[in-house]
Amino acid sequence: MDELRYPIGHYSPPQLITEHQLNLYILSIGSLPTRVAEAVAHLTDEQLDTPYRPGGWTVRQVVHHLPDSHLNGYTRQKLALTEDNPTIRPYDEAAWAELPEARSADPAVSLALLHALHQRWVLMLHQLTTSQLDRTFVHPVSGQQTIRHHIGLYAWHGEHHLAHITELKKRNGWQ
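Draft legend 1. Representation of the packing of helix 4 (residues 59-82) against helix 7 (residues 107-126). Running from N to C, helix 4 and helix 7 cross one another at 25°; their axes reach a closest spacing of 9 Å. By the angle between their directions, the pair helix 4 and helix 7 is classed as roughly parallel. Both helix 4 and helix 7 take part in a crossing whose hand is left-handed. When helix 4 is examined against helix 7, the residues Arg60, Val63, His64, Leu66, Pro67, His70, Leu71, Gly73, Tyr74, Gln77, Lys78 and Leu81 are found in contact with a partner set consisting of Pro107, Ser110, Leu111, Leu113, Leu114, Leu117, His118, Arg120, Trp121, Met124 and Leu125. Of the residues assigned to the contact of helix 4 with helix 7, the class counts are 14 nonpolar, six polar and three charged.

If you want it as structure tokens, here you go:
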């Protein structure tokens, strides 16, 4: 079951994030909206409403979760850039995924939001200095994080959820 829940494995941050690795993370974040759109492009409503694993979210909920989560991630980085080590407010992602629009809205709405958000986010990420990448915020559950490591987490997060969709499609022969 763990391979269905974590198809690319758990996030394991490297001790040192090189400039090359950071650029790969930013490339992943920048290309994610297009890759998610391609992954769901020809799915029927029945397929969109299929959970990616038993007890898991549907494909539709995963698509809507991505901009919900990434808006929070983007905001956390902006707070870290403009405040001194702020404590951020977490959100209940499971509750958000159960809200009516997350269970029923056309994925195109969230894909458009994800595209716009990631364009803006990547513009910001490419302009960060070394000292800005090392700025921090505090998550009440997971503790202090640098922007540099947070970028890696969100690159993984996007790939993680994209794999939920693509692996479900493979298992069900939806290619």
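Draft legend 2. Focus on the pattern of salt bridges. For the structure shown, the criterion picks out six salt bridges. Among the ionic pairs, Glu159 bridges to Arg35, the shortest N-O distance being 2.6 Å. With Glu159 in helix 9 (residues 147-172) and Arg35 in helix 2 (residues 19-40), this residue pair connects regions lying 124 residues apart in the sequence. Given the relative accessible area of 25%, Arg35 is considered partly exposed. For Arg103, the salt bridge is made with Glu98, and the minimal N-O distance between the two is 2.8 Å.

Draft legend 3. Highlighting the packing of aromatic side chains. Applying the stated criterion to the full structure yields four aromatic pairs. Their ring planes at 50° and their centres at 4.4 Å tell us that Tyr91 and Trp96 sit as a pair that is tilted. The exposure class assigned to Tyr91 is buried, which follows from its relative accessible area of 16%. A connected cluster of aromatic rings, assembled from ring pairs, spans Tyr74, Trp121 and Tyr154.

Draft legend 4. Representation of the side chain of Gln145 in the model. By the secondary structure assignment, Gln145 is in strand 2 (residues 143-146). In this structure the side chain of Gln145 is engaged in a polar contact, spanning 2.9 Å, whose partner is the side chain of Ser142. Among all residues touching Gln145, those that are not within four sequence positions of it are Arg135, Thr136, Phe137, His139, His150 and Leu153.

Draft legend 5. Broad picture of helix 7. Its 20 residues place the ends of helix 7 28 Å apart at the C-alpha level, agreeing with the 28 Å of an ideal helix rising 1.5 Å per residue. Those residues of helix 7 that fall on the buried side of the exposure criterion are Pro107, Ser110, Leu111, Leu114, Leu117, His118, Trp121, Val122, Met124 and Leu125. Buried residues of helix 7, viewed axially, fall in a sector of 150°; they line one side. The exposed residues of helix 7 that point more than 90 degrees off its buried face are Val109, Gln119 and Leu123. In this fold, the buried residues of helix 7 make contact with helix 2, helix 3 (45-48), helix 4 and helix 9. Of the residues flanking the start of helix 7, the one acting as N-cap is Asp106, its side-chain oxygen 2.9 Å from the backbone nitrogen of Ala108.

Conventions used here
Numbers given to residues run from 1 along each chain, matching the order in which its sequence is written. The model is predicted, so local features are restricted to residues of pLDDT at least 70 and side-chain atom pairs to those at 80 or more, both for listing and for counting; the totals for chains, interfaces and linings are taken over all residues. Side-chain numbers here rest on the full set of heavy atoms in the structure, without hydrogens or water. Each axis is a line fitted through C-alpha atoms, taken for helices only over the stretch in contact, and angles between the N-to-C directions span 0 to 180 degrees. By definition, any uninterrupted DSSP run of H or I lasting at least four residues is a helix, any uninterrupted run of E lasting at least two residues is a strand, and each is numbered from the N terminus. Throughout, the term roughly parallel applies to angles under 35 degrees, roughly antiparallel to angles over 145, roughly perpendicular to angles from 65 to 115, and oblique to all others. Working rule for handedness: look at the near helix, and if it is turned counterclockwise from the far one by less than a right angle, call the crossing left-handed; if clockwise, right-handed. Any two residues having at least one pair of non-hydrogen atoms within 4.5 Å are treated as being in contact. In this classification, the charged set is Asp, Glu, Lys and Arg, the nonpolar set is Ala, Val, Leu, Ile, Met, Phe, Trp, Tyr, Cys and Pro, and all remaining amino acids, among them Gly, are polar. Only one rule defines a salt bridge in this text: a Lys or Arg side-chain nitrogen within 4 Å of an Asp or Glu carboxyl oxygen. Buried means the residue's accessible area, taken with a 1.4 Å probe over protein chains only, is under 20% of the maximum for its type, while exposed means over 50%, and partly exposed covers the values in between. Whether two aromatic rings pair depends on their centres lying within 6.5 Å, for rings of Phe, Tyr and Trp, where Trp uses its six-membered ring; planes under 30 degrees apart make the pair stacked, over 60 edge-to-face, and the rest tilted. We define a polar contact as two N or O atoms separated by no more than 3.5 Å, with the added condition that, inside protein, one atom must be a possible hydrogen donor and the other a possible acceptor, whereas residues neighbouring each other in sequence contribute only through side-chain atom pairs. By this rule, a helix spans an expected 1.5 Å times one less than how many residues it contains. It is the directions from the helix axis to the C-beta atoms whose arc is reported.

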